[in-house]
Amino acid sequence: MPRTSAGLLLYRRHPERGVEVLAGHMGGPFWARKDAGAWSIPKGEHGPDEEPRDVALREFAEELGSPAPVTDLVPLGEVRQSGGKRLTVWAAEGDLDAAAAVSNTFSLEWPPRSGRVQEFPEIDRAAWLTVEEAREKLVKGQVLLLDRLLDLLA
C-alpha cells in the first residue's frame, strides 16, 4: 500500500506580487545547501484510520508552529510524489507571519554511521512565494498543485 500524506496550501493575494503561496524549506542536512526543489507545502503522513483533512491541519500547525489561520478549506485533489507517495491537498486563503514559523523536529543519525543522533527541524524556514517562484522551489511532485490553485482562483 502506498504511503499517504495530507497538506494545506495557504495562499494570499498581494497587491504587487499577485497570488503568493506559503511554503517551507525542508530541514535537515540533505536539504541544507539546496534551494530549487527543496521546498514543500506543510504536509505529513497519515494512516488509513485518520481523516486526511484533519491531518493537513495538524501538520500545518506542527510544521509552522501555528494553527492554520483559516476555516474554509477547498480540496485541490491528490498528486503523486516521487517514490509513489500520494498527497491529498486543500487550499485556503489566509495570512501568517512566515518569519515567525517554528517547526517540530525529527531525529536523524548524522553524520551517517557516526552513532550520533541529532535533531533537525522538519521545516527550517518558511516564506511567501509568488506562483512563479514556487514553481522553481517546490519539489516537482507538488508543482501541479499551483496550476490547480490558479484554476480555482480564475
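A. Representation of the side chain of S5 within the structure. Tracing the chain through its elements places S5 in strand β1 (residues 4–14). Among the residues examined, S5 registers a relative accessible area of 1% and is labelled buried. When near neighbours in sequence (up to four residues on either side) are disregarded, S5 contacts G44, E45, H46, K85, R86, L87 and T88.

B. Representation of the environment of G84 in the model. Relative to the elements of secondary structure, G84 occurs in the loop between β5 (74–80) and β6 (86–93). When its relative accessible area of 27% is taken as the criterion, G84 is described as partly exposed. Considering only alpha carbons, one finds G84 and P2, 82 residues apart in sequence, at a separation of 6.4 Å. Sequence-distant contacts of G84, defined by excluding residues within four places in its chain, comprise P2 and R3.

C. Geometry of the pattern of salt bridges. According to the stated counting rule, one finds 15 salt bridges in the structure shown. For R125, the salt bridge is made with D35, and the minimal N-O distance between the two is 3.9 Å. On the criterion of sequence distance, the pair formed by R125 in strand β9 (residues 123–130) and D35 in the loop between β2 (18–26) and β3 (39–40) is long-range, its members being 90 residues apart. Salt bridges here are not isolated pairs; linked through shared partners, they connect R12, R17, E20, D95 and E133.

D. Representation of the packing of aromatic side chains within the structure. Per the stated rule, a full pass over the model turns up two aromatic pairs. A ring pair is formed by F30 and W110, whose centres lie 5.4 Å apart and whose planes are at 80°; its orientation type is edge-to-face. Of the two residues, F30 is situated in the loop between β2 and β3 and W110 in the loop between β7 (105–109) and β8 (117–121); the sequence distance between them amounts to 80 residues. Plain terms: the ring middles of F106 and F120 are 5.9 Å apart, the flat faces sit at 35° to each other, and that makes the pair tilted. Linking F106 in strand β7 with F120 in strand β8, this pair joins segments that are 14 residues apart in sequence. Assessed through its relative accessible area of 27%, F106 is described here as partly exposed. A relative accessible area of 13% means that F120 is categorised as buried. One residue, K34, lies across the ring of W31, its end atom 5.7 Å from the ring centre.

Thresholds, definitions, all that
- Residues numbered from 1 in each chain as written.
- Predicted model: local features only at pLDDT ≥ 70, side-chain atom pairs only at ≥ 80, totals over all residues.
- Heavy atoms only, no water.
- Helix = DSSP H or I, 4+ residues; strand = E, 2+ residues; numbered from the N terminus.
- Buried < 20%, exposed > 50% of the residue type's maximum accessible area, 1.4 Å probe, protein only.
- Contact = heavy atoms within 4.5 Å.
- Salt bridge = Lys/Arg side-chain N within 4 Å of Asp/Glu carboxyl O.
- Phe/Tyr/Trp six-rings, centres within 6.5 Å; stacked < 30°, edge-to-face > 60°.
- Lys NZ or Arg CZ within 6 Å of the ring centre and 35° of its normal.

These figures capture arrangement, not role.
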